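Descriptive structure summary
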Amino acid sequence: MAAERGGCALEAVPLPPEVRESLAELELELSEGDITQKGYEKKRAKLLARYIPLIQGVDPSLQAENRVPGSSQATAAVSKQQKSRSTNSRDERFRSDVHTEAVQAALAKYKERKMPMPSKRRSVLVHSSVETYTPPDTSSASEDEGSLRRQGRIGSTPFQSHSNVEPWLNRVIQGSSTSSSASSTSSHPGGKPAASNTAPATAAATVLADLMAHTQIENHSAPPDVTTGLVEHLYHERPQVASVRGVPRGYSSSILETADGVPVNSRVSSKIQQLLNTLKRPKRPPLKEFFVDDFEELLEVQQPDPNQPKPEGNQMNVLKGEPLGVVTNWPPSLLAALQRWGTTQPKAPCLTALDTTGKAIYTLTYGKLWSRSLKLAYTLLNKLTTKNEPLLKPGDRVALVFPNSDPVMFMVAFYGCLLAELIPVPIEVPLTRKDAGSQQIGFLLRSCGVTLALTTDACQKGLPKAQTGEVVTFKGWPRLIWFVIDGKHLAKPTKDWHPQVRDASAEIAYIEYKTSKEGSTVGITVSHASMLAHCHALTQACGYSEAETLTNVLDFKRDAGLWHGVLTSVMNRMHVISIPYALMKVNPLSWIQKVCSYKARVAVVKSRDMHWSLLAQRDQRDVSLSSLRMLIVADGANPWSISSCDAFLNVFQSRGLRPEVICPCASSSEALTVAIRRPPELGGPPPGKAVLSMNCLSFGVIRVDTEEKLSVLTVQDVGQIMPGASVCVVKVDGTPYLCKADEVGEICVNSGATGIAYFGLLGITKNVFEAIPVTAAGVPVSDQPFTRTGLLGFVGPDCLVFVVGKLDGLMTVSGRRHNADDVVATALAVEPMKFVYRGRIAVFSVPVLHDDRIVLVAEQRPDASEEDSFQWMSRVLQAIDSIHQVGVYCLALVPANTLPKAPLGGIHISETKQRFLEGALHPCNVLMCPHTCVTNLPKPRQKQPDVGPASMIVGNLVAGKRIAQASGRDVSQLEDNDQARKFLYLADVLQWRAQTTPDHPLFLLLNSKGTVASTASCIQLHKRAERVAVALLEKGRLNVGDHVALVYPPGVDLIATFYGCLYAGCVPITVRPPHPQNLATTLPTVKMIVEVSKSACILTTQAIMKLLKSKEAAAAVDIKTWPTILDTDDMPKKKLASVFRPTSPDMLAYLDFSVSTTGILAGVKMSHAATSALCRSIKLQCELYPSRQIAICLDPYCGLGFALWCLCSVYSGHQSILVPPLELESNVSLWLSAVSQYKVRVTFCSYSVMEMCTKGLGTQTDVLRMKGVNLSCVRTCMVVAEERPRITLTQSFSKLFKDLGLSARAVSTTFGCRVNVAICLQCLFVCIFFFFFPLSLCFTHFDGLCYFCLWSCCQPNRLGKLAEQGTAGPDPTTVYVDMRALRHDRVRLVERGSPHSLPLMESGKILPGVKVIIAHTETKGPLGDSHLGEIWVSSPHNATGYYTVYGEEALHADHFTARLSFGDTQTVWARTGYLGFLRRTELTDASGERHDALYVVGSLDETLELRGMRYHPIDIETSVIRAHKSIAECAVFTWTNLLVVVVELEGSEQEALDLVALVTNVVLEEHYLIVGVVVIVDPGVIPINSRGEKQRMHLRDGFLADQLDPIYVAYNM
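Residues numbered from 1 in each chain as written. Predicted model: local features only at pLDDT ≥ 70, side-chain atom pairs only at ≥ 80, totals over all residues. Heavy atoms only, no water.

Things to note about the overall build of the protein
Broken down by element type, the protein carries 47 helices and 62 strands. Buried residues in the protein amount to 60% of all 1613 residues. In the protein, 76% of the contacts between residues at least 6 apart in sequence involve partners at least 24 apart. Surface accessibility of the protein: about 62,100 Å² in total, with carbon and sulfur atoms responsible for 53%. (Helix = DSSP H or I, 4+ residues; strand = E, 2+ residues; numbered from the N terminus. Buried < 20%, exposed > 50% of the residue type's maximum accessible area, 1.4 Å probe, protein only. Contact = heavy atoms within 4.5 Å. Areas by Shrake-Rupley, 256 points an atom, 1.4 Å probe, with all protein chains shown as cover.)

Brief notes about the sheet that holds strand β5 (residues 349–354)
Strand order in the open sheet formed by nine strands is β6-β5-β16-β15-β17-β18-β19-β20-β23, and the pairing between neighbours is mixed. In this open sheet, the two strands that pair with only one neighbour each are β6 (360–365) and β23 (720–721). Bridge count between β5 and β6: five bridges; the pairing is antiparallel. Each residue of the ladder has a partner; that of A353, found in β6, is Y362. (Pairing = 2+ DSSP bridges.)

What to know about the sheet that holds strand β33 (residues 888–895)
With mixed pairing, the four strands of this open sheet are ordered in space as β31-β32-β33-β34. Each edge of the sheet is formed by a strand with only one pairing partner; in this case those strands are β31 (836–847) and β34 (925–928). Across the sheet, the mean angle from the axis of one strand to that of its neighbour is 15°, orientation sign disregarded. Of the strand pairs in this sheet, strand β32 (residues 852–860) and β33 are connected by seven bridges, and their pairing is parallel. Paired with V857 across the bridge in β33 is A892. The sheet contacts of helix α22 (residues 820–828) involve β31 and β32, and relative to β31 the element is tilted by about 140°. (Axes fitted to C-alpha atoms, helices over the stretch in contact; angles between N-to-C directions.)

A closer look at helix α24 (residues 909–918)
Listing the buried residues of α24 in full gives S910, T912, K913 and F916. The buried side chains of α24 occupy one side of the element, clustering within an arc of 160° when seen end-on. Contact partners of the buried residues in α24: β13 (508–515), β31, β32, β33 and α46 (1554–1567). Phi turns positive, to about 75°, at G919, one or two residues after α24. (Arc of directions from axis to C-beta.)

Side note on the environment of E1225
Mapped onto the elements of the fold, E1225 is located in the loop between β45 (1215–1218) and α37 (1230–1237). On the basis of relative accessibility, which here comes to 40%, the residue E1225 falls in the partly exposed class.

Quick notes on the pairing of strand β12 (residues 481–484)
Bridge count between strand β11 (residues 452–455) and β12: four bridges; the pairing is parallel. Bridge assignment links L454 to a residue of β12, and that residue is F483. As for the winding sense of the linkage, the β-α-β connection from β11 through helix α13 (residues 457–462) to β12 is right-handed. (Right-handed = clockwise from strand over helix to strand, strands pointing away.)

What about the nonpolar core?
Counting residues in each nonpolar core, the largest one holds 95 residues, and the members touching the most others are L380, Y415, L454 and L567. Per-element accounting of this core gives the leading share, 11 residues, to helix α11 (residues 407–419). Excluding residues within four positions of it along the chain, L567 makes contact with L334, F414, Y415, Y510, M531, C535 and L562. (Core = buried A, V, L, I, M, F, W, Y, C linked by side-chain atoms within 4.5 Å.)

Topic: the confidence of the model for the protein
Interpretation of the predicted coordinates at a detailed level should be avoided for regions scoring low in pLDDT. Residues with a pLDDT of 70 or more make up 78% of the protein, whose mean pLDDT is 79. With pLDDT under 50 throughout, residues 53–93 is counted as low confidence; its partners more than four residues away or in other chains account for 57 contacts. Confidence drops under pLDDT 50 across residues 283–295; counting only partners more than four residues distant or on other chains, this segment forms 30 contacts. (pLDDT = per-residue confidence, 0-100.)

What to know about the packing of aromatic side chains
Centre distance and the angle of the planes are the two values used to describe a pair of aromatic rings. Following the criterion strictly, the structure yields 24 aromatic pairs and no others. Ring centres 5.6 Å apart and planes at 20° place the aromatic pair W591 and F648 in the stacked group. One end of the pair, W591, is in helix α17 (residues 590–598); the other, F648, is in helix α19 (residues 641–652), with 57 residues separating them in the sequence. Considered together, W591 and F648 belong to a single accessibility category, that of buried residues. Arranged with centres 4.8 Å apart and planes meeting at 55°, the rings of Y1150 and F1202 form a pair that is tilted. On the criterion of sequence distance, the pair formed by Y1150 in strand β42 (residues 1148–1155) and F1202 in helix α36 (residues 1199–1212) is long-range, its members being 52 residues apart. The exposure class of Y1150 is buried, given its relative accessible area of 2%. Ring-pair connections join several aromatic residues into one group, and the members of that group are F402, F410, F414, Y415, Y510 and F556. Looking at R840, its charged tip hangs above the ring of Y837, at a distance of 4.4 Å from the centre. (Phe/Tyr/Trp six-rings, centres within 6.5 Å; stacked < 30°, edge-to-face > 60°. Lys NZ or Arg CZ within 6 Å of the ring centre and 35° of its normal.)

Looking at the packing of helix α9 (residues 334–344) against helix α10 (residues 366–382)
Two elements in contact, α9 and α10, have axes separated by 7 Å at closest approach and are oriented at 120°. Taken together, the axes of α9 and α10 lie oblique to each other. Like other packed secondary-structure pairs, α9 and α10 cross with a definite hand, here left-handed. Contacts between α9 and α10 pair L335, L338, Q339, W341, G342 and T343 from the former with Y366, G367, L369 and W370 from the latter. Tallied by class, the residues present in the contact of α9 with α10 amount to six nonpolar, four polar and no charged. (Parallel < 35°, antiparallel > 145°, perpendicular 65-115°, else oblique. Left-handed = near helix turned anticlockwise from the far one by under 90°. Nonpolar A, V, L, I, M, F, W, Y, C, P; charged D, E, K, R; others polar.)

What to know about the pattern of salt bridges
By the definition in use, this model includes 42 salt bridges. Salt-bridge contacts for R573 lead to E546; the nearest nitrogen and oxygen are separated by 3.5 Å. Note that R573 is positioned in the loop between α15 (559–571) and β16 (575–578) and E546 in the loop between α14 (528–542) and β15 (549–552), a separation of 27 residues in sequence. A salt bridge links K689 to D646, with the nearest nitrogen and oxygen atoms 3.1 Å apart. Of the two residues, K689 sits in strand β21 (residues 689–693) while D646 sits in helix α19, which places them 43 residues apart along the sequence. Its relative accessible area of 22% is what places K689 among the partly exposed residues. Look at D646 and you get buried, because its relative accessible area is 5%. (Salt bridge = Lys/Arg side-chain N within 4 Å of Asp/Glu carboxyl O.)

Focus: the packing of helix α29 (residues 986–996) against α36
One can describe the packing of α29 onto α36 by two numbers: an axis separation of 9 Å at closest approach and a directional angle of 50°. By the angle between their directions, the pair α29 and α36 is classed as oblique. Considering how the two elements wind past one another, α29 and α36 form a crossing that is left-handed. Taking contact as the criterion, the partners of L986, V989, L990 and R993 in α29 are, on α36, L1207, S1209, V1210, Y1211 and S1212. When its residues are assigned to classes, the contact of α29 with α36 shows six nonpolar, two polar and one charged.

Quick look at unusual backbone geometry
One non-glycine residue, D798, lies in positive phi territory at about 60°. Along the chain, D798 turns up in the loop between β27 (787–795) and β28 (801–806). Located in the positive-phi region is D1385, a residue other than glycine, with phi close to 60°. Position of D1385 among the secondary structure elements: in the loop between α44 (1379–1383) and β51 (1397–1401). Using a relative accessible area of 22% as the deciding quantity, one classes D1385 as partly exposed.

Describing the pairing of β13
For β13, a buried count of six out of eight residues is recorded, marking the element as mostly surrounded by other parts of the structure. In this structure, β13 lies alongside strand β14 (residues 521–527), joined through seven bridges in antiparallel fashion. Across the sheet, the residue bridging to Y513 is G523, located in β14.

Overview of the environment of V989
Along the chain, the position of V989 falls in helix α29. Judged by relative accessible area, V989 falls into the buried class, the value being 5%. It is 6.4 Å that separates the C-alpha atoms of V989 and Y1211, two residues lying 222 residues apart in sequence. Residues within four places of V989 in sequence aside, it is in contact with F983, V1210 and Y1211.

Set out below in structure tokens:
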């Protein structure tokens, strides 16, 4: 008994079974060296503590578990093993524990390298329970995860530590996260600030910080950002997303002290620094030199290592086995043998079946087997009919579906089918519709034409049923008739019916299924002749004799279990004791007990069964294995079988087991048994073992006993080849050339006892079953075909066969071959093993970036802590790297019992791989190591020596390329017009309209219900503007030129106060009001704009004025420093003495403040001349006139949105229907309903509005149609944006609302930026009048009412017809460019659908008066057509300069006054900061000229410079979003040269870790980039501005300040 060492005290205390089990497991750990003697005693004492207060004087306070450092533990374990084995006479070199020692020694060489542990939200841990005494996971709290481990356990009992330490740790954890969670609570609309938590949080954080100060070795300050060249400040505008998406949570209200733009105490940045330190250590040889093509990045082709070992031996010869002996009374077929024993020895026992308690429930005699098989054969052939025709005819295939607990019925079914000349196809019992591999089994049954399945009554009742009561049709399966073969269902054969027992022929006897490496299932056909020959060979090799007893632990339906336990046993009238898998799980010793009680001579087991029996053997002192003459180890070819064999022999040698009895064998589904070790009495040579160099094996070369002791593989022989067989070893790939004597290859067998084909697969059958090995000279070695076994190995001394792996487990990484089983063996040797389950480790390779990458998946024990598991993973990585010299790409731990299982235990590898690739594995821990593994990336791009701009122009001329320059219609004639010059000022235009058309409606504002909230005619707007001007001058006491901030919600008030400022001579600045529920984030932005713009006064509503002065506001900003605040709700109706008239058109009209997506706040100056020129260009392009209505769903605070909302209606006189985007949150259909209701022809929106409509109304188009929404009136729907057109979104919007009448041509895009808010507008509704009249005639009236417009008012029908006849502007064109060329700043046009193609849509037609040129970003010289460069613009409505760029003044000095360095050096251009290209198309525009299309690629500020190339974030993000259905949104940024990918998870949190590998894979495959950090967050965390653009820099700041509350953060190694 395990507890006997406890002395007499234990005998009085009966121990519960679970304690006994734990003690047995502890004993096993001690015996295997998994634990030291000291550790064993302490753990044992702890287990027994509650049963005996004081065990042998051990104080309870010392019974708490103390960690033993890995290296000393390993040393102790090794020394113990050496001591215990010193008495053994075997050669020390051939010990099976060499591998374990090698792993421990390898790990000892590594110093404990600190790797950044992934951060995980607590809720993700729900499925992995934590041991009672284990402090909770501190990964979300500590900077240095290793520091808190086991704190507080020392010197206290487990119970004390539980009560004292755990709450303290909890406080620390809460404290660290409360700082962000408190702010995130307050930042939610409706949330309350968690003020009560702040104090303890700070205290706990201080405690933690103190602790860290003592424990952390290095404290790195945050490194500067080397990726963008921009210094970030925290005073940037925080995302104003309330109008579009929920406010992102987790943005702290407090402004942290920063070092180089990063919070100093940021846990995240210190982890990234840790990661960088880890990556700095070069682990791989540097990349080789190779050429870089002009356009393409070439992946490195692995060059062969000149020093790699090469085979040096002679070419091997074909090895022949002993001849098959001639037996005089050998039956002519297996059925003949059954008939003989069934009639002559009917009482002889054939098979004994056991139940789960180990009791014999039934013994099948040979007589019973014969008679019941006859009955079944008769019933199948004569009693099963369909439409009076027999259901089956000889040669038909029949499925055998029997549980592992019922060998008797299976044997009856198998022989019954053979007697009926039917072909049995044994398969597993499908338990659910989604069994691992079940679908593939279905495909096999379908391809075999199976219509009938035989089963037992109990099994049939257990199968899932449909509502009709019939067995369901499993996924991928054919429709089956299920026939129960229990006795009552079988008919007795008539006296005149006798089956034909034929001699063994070449016809198919049975089909055995096999699952390949990729998961596909094939059926291997075995003929009657092969079956007989195999039984003969096994009988001779194993020395089987009549009436012997054999214990079979294996699956009797296939492989060795079928060959020994069902076929060969009948041939020799043996008695088989079948041990079911269920019994083995309950009692692992059952097979040994049965060997002992039945005096069995042979046992057929797997190494797992031997290992399991070691767990429980101490409970059985009385078992004896002396009766065994052969213990056949069916998986003796596996590398870990040798340690099981040795450990088993060590323990059971004292119980009668003789060393020579252990007989490993090698087999494959195709070649059946290949080799088996024979005992000396059967003429077998002494067993052989070899210690092979793992490094040489990876090159396919055998080197024995190398100098490098760490990297070795100990293998045992699998005996001699089978009698009557010939064997050779051939090269794995290509033509089957014979290998050299010291070369590893695939073992091939020529024998009458192999499978004959893959059923129905002629092509691969020829490759595998009809291989003709050839010599180096190409001469065939035999005229007989050989069968490839799929086993990798070599032939050693004494003609012994050694197997070192399987083709199915072969992983070729960078030209070197590694075996999955070897990698598993290395992982198993990493101690301590208590964090994962020993038998539940899967290793496979996945193709990523044109090479195999190794993935290791293991099941984590429920009581393993996060930190322990991570530590184990780190050690496994180091061990595999050291032993195999190969990196593991991904190591994943999944919760217990979640990996797909093979039918009889073990992991279903192909199904696990499939789940990994599909993102359905749901791991609880992931460690990716792409930096270590991926060595075939293209070489980083080297910048070419400077090429001057003149050279580039000459180059373009030589290449026949025109300079990339384009312009809109010429408006110089209009500018020279006296009337046009007279009315340069919008204030004058509004006054004129108020006089001439006072009641003409200009603005109409809708609320969320779709009703009109307010309107403004020309006179109303004029009068309100006058009142505002009076208030500014009298109440505000402002002077001409003073700046005024307008803080209003979207509406008519904003427009009126804007014109009021112009009337008073003040300069207006429109500012988005703060969000009442999110003051902490939004109010600082308002304050910043007011201060930076030097506003002397704030105009606002009463409600907002109260908000600006509230207590809540005081918590966010200093409210005492606000300038004068005037509310405009109740203004006196005073008349303005005189409207201010600027002295020059170049005077400042207004300031346009905005925050770029890179987080830079800037204000641009718009003069009166630029303002009127802008309005004139838009009017011309969109044909705006007083009788026209347009709908605007944009934010009115900056850019083109402001111009359309506030300026254009007054200038052109058209009516604007204003739809605030904020209202769409409560009524998504508001905008489209308004467009339909007012029959609007031209409408403007943003991408965020379009996205809301697409997502929110996707399923409601029928409802909208019923409500009468009709969009056929829309000629043009323009998306206002400062980015590359989003083709996918615009296309899906068009398709979705096509059913509501939206024309496919209607949706188009615009492009503008800070320096010029409207460069392109794609208006398809262009004035056709220009075809009939010269342009100069169109504008003889200052207000832009051209004769055509007046005519159109009188002739509306004629106008409609003209509009329908066609448009003057060509449709926007789409081109496809090579994404790889873009990275090199080049444009290469490719066909649609070609690899790496990226669709780009033209950004709109260039506006009248606008000139565009493409300039080189560095030389500032002009570029040729279809060349990528910066877009420069020259236009009368360019902004006149920056008023301020917050913190960036120096960088932007030349944005508005740039000149080309060559060519036209006189024109003054403004630099847009956007990359793009011009391309002349085949289309013609209104003037008859060929149309120049402008394509915007992306913002220069946003691009990521990585590996010398320029990446656009949107391209990487698009790839990532496609990677998994649960990825809702994605954003990328760089930090210290690491690529960080933030992914929003739209699904359950258990899917979070699936995304890490998928994201890493897709970015590697499509962009040749290694992701440094993957951050999984909740939906809505990625900040998006009102235009729908991602605020990546805000996201970066939030991430580095640890404010995102991520679900999971993975640091890729």
